[in-house]
Amino acid sequence: MGYKFSKDEMAKIFAKLAQDYDVFAPVVKKGDGTFSDVDVVRYDQVTSLDEIEFNKKSDYSFKEALLPINETLFYFTEDETTVPKGPEKKRLIFLRSCDIHAVKRLDQIYLDNKFEDFYYKRTREMVRFVLMGCPNTCENGFCASMGTNETNQYDLYIKVNGDNAFVDVKNDEFTETFKNGALEDVKPDFVKENKVKVTLPKNITKETMSSELFKEYGSRCINCGRCNFVCPTCTCFSMQDIFYKDNEKVGERRRVWASCQVDGYTEIAGGHGFRNDNSDRMRFKVMHKIHDFEQRFGYQMCVGCGRCDDVCPEYISYSTLINKLAKECE
Amino acid sequence: MSLDINTKKAKKNAWRISKERGIGASRIRVPGGYCDAEILGMVQQIAQEYGNGYVHLTTRQGFEIEGIHLEDMEEVNKKLQPIIDKVGINQYDEDKEKGYSASGTRNVSACIGNNVCPFANYNTSELARRIDKEIYPNDLHFKVACTGCSNDCAKVRMHDFGIIGMTMPQYDPSRCISCNACVKGCQSLSVGALRMENYKIVRDTEKCIGCGVCVTKCPTRAWTRSQKKYYKLTIMGRTGKKNPRLGKDFLVWADEDNIVKIIKNTYDFVEEYISPNAPARKEHIGYIIDRVGFEKFKEYALKDVELMPETIINNNVYWDGIHFDNKH
């Protein structure tokens, strides 16, 4: 059901919503970018509508609002473990169509990959998604190529346009909240076409593994892992056991985001690493996003948000690499 | 008619009396070395019309238009006016169209700064212009330079006052994924002030020079810059024929306003204690401090200066360097 409000009315409703829900949305963090006097757009908890950045695409995805970068799984003493409480409040996450498609990938790995992840599940159940429209394509996104430019998998759609706000309510949980708005036919803004177009390689064979492209791009990569950390579909983590300094019999186990590009990812006891060479890491990442995941689950992992291309300090364009690979595989 | 020129006045008017009889050069100051490209056209015009068509890009980030006949000085000074206006250099009304009203205090130079450079911690040319506004015109021999980070590309330690950009790194452990990029970066590019303990980073605050390498290396924004900008103030570096030496740290984790105040206060110190024998009232400030003592300098420099609690002040500064004037 669609409604129209004045922006002021919407701000009031939002303030009320923010009491009942923990709201996470993209926010401009002044000066917190990589370089001096450069901002970064990333997710944080907000309490008012004005804090939300609707225009600029977030540099980091919504993922951290659902899957914490650091998560304590349990605390241990000598003979007991304690599992920390999960979120007590329901959670609203503002995100775009590509990212809503990414949620499906996260769910696939954490809920529907042989077993359910207890920690992910208890947070996921509390989350409601608010779609932010995309009136225009972003610079590096290729959602249309990946078929992620449109979605109906949202609980709410909110658009602020000048002095007005438009809402589309899909989840009855919010009907009461928005019922006083003027009825209006609200259709989300979806991108139809991007500047970047990607053709996925067909006929991937064993030989594709040894493509020179991976060597070339691998040699340019500096293993910083930014492409993984901004990616809404990367799900890897590593485990850390922390023994508190004052009493090493007490501590906690955390899971922490990991990157297949960063040193140590494939290292095993004894010091052996399976993908020490950069070209192997590049191949692994790319093939996972556009081939391996699809082989297991029947659809592509990459949602084409283009954040990896936005962030790479070495100007490695993953989308260009894929297009080149598609040409090679013809 | 023979040339009849007051060379002392001409020099203070930013003219060089060249080695060739009757020929001079016009020195154009560009604070922070940052200017609208339109100025290049103006410089070109003067060089082609009055000079020999060549320009020297000076070591202090100005232009020196060479090969100008000294009898054209007045006319060229008029032509300098739009440049002076455009760069925004201080000028009294009565000095309009008369060229630069002083030359002793040198152009405040700067590295390219955070307009462009990924390492820089502040807008160096902006601060250079601010300082220029505060201290120009003045004929006392002051050299000030601004550099964006501890790499010191602007060679500020060769200046009386060197301003080095710093940032107080802010660490959010909840965003840290223990990738070690900051530890490796600090080790290879800076001072090795970081180490990992229990999968999180510990910063040795005694060692950290606030260069910001950890921030640029961090892939998750666990490291960010402080909202407040910090500076290191190095003092009394110099070149020269007697005792060249590198400037030493006076203030660390200082703020912009106090640094500007200290530079201005130092003018009072120099006015008071400059040697009466100094040729053309030109004496490196460091020699004056050597003569009257660091305590006296501090007394002047720190007048009305209230440092932030986090600012570290070196209460005694000792310089070394090469002594050409005292060889045994």
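The structure under discussion appears in the preceding block.
Description of the structure in this document. (Residues numbered from 1 in each chain as written. Chains lettered and ligands numbered in written order. Predicted model: local features only at pLDDT ≥ 70, side-chain atom pairs only at ≥ 80, totals over all residues. Heavy atoms only, no water.)

1. Examining the overall build of chain A
And step 1. A tally of regular secondary structure across chain A gives ten helices and twelve strands.
And step 2. Scaling as 2.2 N^0.38, a compact globule of 330 residues should have a C-alpha radius of gyration of about 20 Å, and chain A matches this with 21 Å.
And step 3. Each principal axis of the C-alpha atoms in chain A carries an extent, and together these give about 65 × 60 × 45 Å.
And step 4. Residue burial in chain A is summarised as follows: out of 330 residues, 54% are buried.
And step 5. The long-range share in chain A, meaning contacts at least 24 apart out of those at least 6 apart in sequence, stands at 73%.
And step 6. Carbon and sulfur atoms make up 48% of the accessible area of chain A, which amounts to about 16200 Å² in all.
And step 7. Averaged over its 48 positive side-chain charges, chain A has a centre that lies 2 Å from the centre of its 54 negative ones. (Helix = DSSP H or I, 4+ residues; strand = E, 2+ residues; numbered from the N terminus. Rg over C-alpha atoms; globule rule 2.2 N^0.38 Å. Buried < 20%, exposed > 50% of the residue type's maximum accessible area, 1.4 Å probe, protein only. Contact = heavy atoms within 4.5 Å. Areas by Shrake-Rupley, 256 points an atom, 1.4 Å probe, with all protein chains shown as cover. Lys, Arg positive; Asp, Glu negative; His and termini not counted. Charge placed at Lys NZ, Arg CZ, Asp CG, Glu CD.)

2. Brief notes about the interface of chain A and chain B
And step 1. Counting residues at the interface gives 28 residues for chain A, matched by 28 residues for chain B.
And step 2. For the chain A and chain B pair, buried surface summed over both sides reaches about 2200 Å², with 46% attributable to carbon and sulfur atoms.
And step 3. Taken together, the links from chain A to chain B amount to four salt bridges.
And step 4. In this structure, the connection of chain A to chain B is made through 19 residue pairs in polar contact (both at pLDDT 80 or more).
And step 5. Sort the elements by how many residues they give to the side of chain A that touches chain B and strand β11 (residues 237-243) of chain A lands first, with four residues.
And step 6. For the side of chain A that touches chain B, the class distribution of residues is twelve nonpolar, six polar and ten charged. (Buried area = accessible area lost by both parts, 1.4 Å probe. Salt bridge = Lys/Arg side-chain N within 4 Å of Asp/Glu carboxyl O. Polar contact = N/O pair within 3.5 Å; in protein donor to acceptor, adjacent residues only side chain to side chain. Nonpolar A, V, L, I, M, F, W, Y, C, P; charged D, E, K, R; others polar.)

3. Considering unusual backbone geometry
And step 1. With omega at 0°, the peptide bond leading from Tyr136 of chain B into Pro137 of chain B counts as cis.
And step 2. Here Pro137 of chain B shows up in the loop between α4 (124-135) and β6 (144-147).
And step 3. A positive phi is found at Tyr315 of chain A, a non-glycine position, where the angle reads about 55°.
And step 4. Note on placement: Tyr315 of chain A falls in the loop between α9 (307-311) and α10 (318-328).
And step 5. Taking the relative accessible area as the measure of exposure, Tyr315 of chain A reaches 72% and is therefore exposed.
And step 6. Unusually for a residue other than glycine, Ala280 of chain B sits at a positive phi of about 55°.
And step 7. Residue placement: Ala280 of chain B occurs in the loop between α7 (256-273) and α8 (285-292).

4. Thoughts on the packing of helix α6 (residues 212-220) of chain A against α10 of chain A
Describing two packed helices takes the angle between their axes plus the distance from one axis to the other.
Residue and element names in this part refer to chain A.
And step 1. Taken N-terminus to C-terminus, the directions of α6 and α10 make an angle of 160°; their axes are 10 Å apart at the nearest point. By the angle class used here, α6 and α10 are roughly antiparallel. Between α6 and α10 lies a crossing whose hand is right-handed. Packed against α6, whose contacting residues are Leu213, Phe214, Glu216 and Tyr217, the element α10 presents Thr320, Leu321, Lys324, Leu325 and Glu328 at the interface.
And step 2. When the residues that make up the contact of α6 with α10 are grouped by side-chain class, the tally is five nonpolar, one polar and three charged. (Axes fitted to C-alpha atoms, helices over the stretch in contact; angles between N-to-C directions. Parallel < 35°, antiparallel > 145°, perpendicular 65-115°, else oblique. Left-handed = near helix turned anticlockwise from the far one by under 90°.)

5. Examining the sheet that holds strand β1 (residues 15-17) of chain B
All names here are of chain B.
And step 1. Strand order in the open sheet formed by four strands is β1-β2-β4-β3, and the pairing between neighbours is antiparallel. Among the strands making up the open sheet, the edge pair consists of β1 and β3 (55-57). Strand-to-strand, the axes of this sheet are offset by a mean angle of 25°, without reference to chain direction.
And step 2. Across three bridges, β3 lies against strand β4 (residues 63-69) in antiparallel orientation. Residue Val55 lies in a different strand from β4, and its bridge partner there is Ile65.
And step 3. Along the sheet face, helix α3 (residues 73-87) touches β1, β2 (23-28) and β4 and points at about 15° away from the line of β2. (Pairing = 2+ DSSP bridges.)

6. A closer look at the packing of α7 of chain B against α8 of chain B
Residues and elements named next belong to chain B.
And step 1. The interhelical angle for the contact between α7 and α8, taken along N-to-C directions, is 65°, at an axis separation of 11 Å. Judged by the inter-axis angle, α7 sits roughly perpendicular to α8. Here the hand of the crossing between α7 and α8 comes out left-handed. Facing Thr266, Phe269, Val270 and Tyr273 of α7, the residues of α8 in contact are Ile285, Ile288, Ile289, Arg291 and Val292.

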